[in-house]
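Here is what each chain is made of, one letter per residue.
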Amino acid sequence: MGQSREVVVAAVGDLAPGTTRKFLLPTAGEPTEAFLVNVDGALHAWVNRCRHVAMTMDWVEGRFLDESGRYVVCATHGALYEPDTGRCVSGPPCGRFLVRVPLRVDGDRVVATVPEEL
Ligand code: FES
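Residues numbered from 1 in each chain as written. Predicted model: local features only at pLDDT ≥ 70, side-chain atom pairs only at ≥ 80, totals over all residues. Heavy atoms only, no water.

Strand pairing in a sheet relies on backbone hydrogen bonds, with the paired strands running either antiparallel or parallel. Overall, antiparallel pairing links the three strands, which are arranged β2-β3-β4 in an open sheet. Lying at the two open borders of the sheet, with one neighbouring strand each, are β2 (20–25) and β4 (42–47). In this sheet, adjacent strand axes meet at a mean angle of 30° when their direction is disregarded. Judged from the six bridges that link them, strand β3 (residues 32–39) and β4 form a sheet pairing that is antiparallel. Bridging from a neighbouring strand, Leu36 pairs with Ala45 of β4. (Pairing = 2+ DSSP bridges. Helix = DSSP H or I, 4+ residues; strand = E, 2+ residues; numbered from the N terminus. Axes fitted to C-alpha atoms, helices over the stretch in contact; angles between N-to-C directions.)

Structure below.
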């Protein structure tokens with residue numbers, strides 16, 4: 001059998017609105033970093049890879065939101081992404097989208113699926 005394409009990343013209610021948490025996706029070879037973000041009570045997850053240069057974005061380990069709490073900010077050149085749509089609204093990769101990690105709730109667990117393109 002192949003490697004599982006799913007991973008439990010949180011319990012329901014773990015993350016408060018406006019907070020983020022990093023997790024690893026079970027991809028071939030090295031695991032791939034991704035992160036959860038709670039936007040007004042709704043969880044979203046994105047691959048931790050900027051669409052400008054393929055680098056991780058957290059400016060402090062596990063911290064992704066800017067000071068306003070409204071945008072995911074890339075630590076390298078300051079690109080801003082909407083945390084609920086993944087769309088870049090400012091910076092070099094403007095108009096491009098982060099890679100979404102599909103989430104589903106299973107009982108009291110939040111389960112992430114490795115995106116197709118990884
Ligand atoms: S690497 Fe993210 S803005 Fe340049």
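The next subject is the side chain of Asp66. Tracing the backbone through its elements, the reader meets Asp66 in the loop between β4 and β5 (72–73). For the buried Asp66, which has no salt bridge, the nearest side chain bearing the opposite charge is Arg70, at an N-O separation of 7.2 Å. A distance of 2.8 Å separates the side chain of Asp66 from the side chain of Ser68, its partner in a polar contact. Separated by 3.3 Å, the side chain of Asp66 and the backbone nitrogen of Arg70 make a polar contact. (Buried < 20%, exposed > 50% of the residue type's maximum accessible area, 1.4 Å probe, protein only. Lys, Arg positive; Asp, Glu negative; His and termini not counted. Salt bridge = Lys/Arg side-chain N within 4 Å of Asp/Glu carboxyl O. Polar contact = N/O pair within 3.5 Å; in protein donor to acceptor, adjacent residues only side chain to side chain.)

Relative to the helices and strands, Val99 resides in the loop between β7 (88–90) and β8 (103–106). Once residues within four sequence positions are removed from consideration, Val99 is found in contact with Ala45, Trp46, Val47, Arg51, Pro115 and Glu117. (Contact = heavy atoms within 4.5 Å.)

Moving on to the packing of aromatic side chains. For any two aromatic rings, the description comes down to two numbers: the centre-to-centre distance and the angle of the planes. The full count for this structure, using the stated rule, is one aromatic pair. With a centroid separation of 3.8 Å and 10° between ring planes, the pair formed by Phe35 and Phe64 is classed as stacked. Within this pair, whereas Phe35 is found in strand β3, its partner Phe64 is found in the loop between β4 and β5, the two being separated by 29 residues in sequence. We classify Phe64 as buried; its relative accessible area is 1%. (Phe/Tyr/Trp six-rings, centres within 6.5 Å; stacked < 30°, edge-to-face > 60°.)

The tally for this structure, following the rule as stated, stands at zero disulfides. The cysteine Cys88 is free of any disulfide, with Cys94 supplying the nearest cysteine sulfur at 5.1 Å. The exposure class assigned to Cys88 is buried, which follows from its relative accessible area of 1%. (Disulfide = S-S within 2.5 Å.)

This brings us to the sheet that holds strand β1 (residues 6–11). Here three strands make up an open sheet; going across it, the order is β1-β9-β8 and the pairing antiparallel. Here the strands that pair on one side only, and so sit at the sheet edges, are β1 and β8. With direction set aside, neighbouring strand axes in the sheet form an average angle of 35°. Sheet topology places β1 next to strand β9 (residues 109–113); five bridges connect them, and they run antiparallel.

Everything listed here is a matter of coordinates, which is why it stays silent on function.
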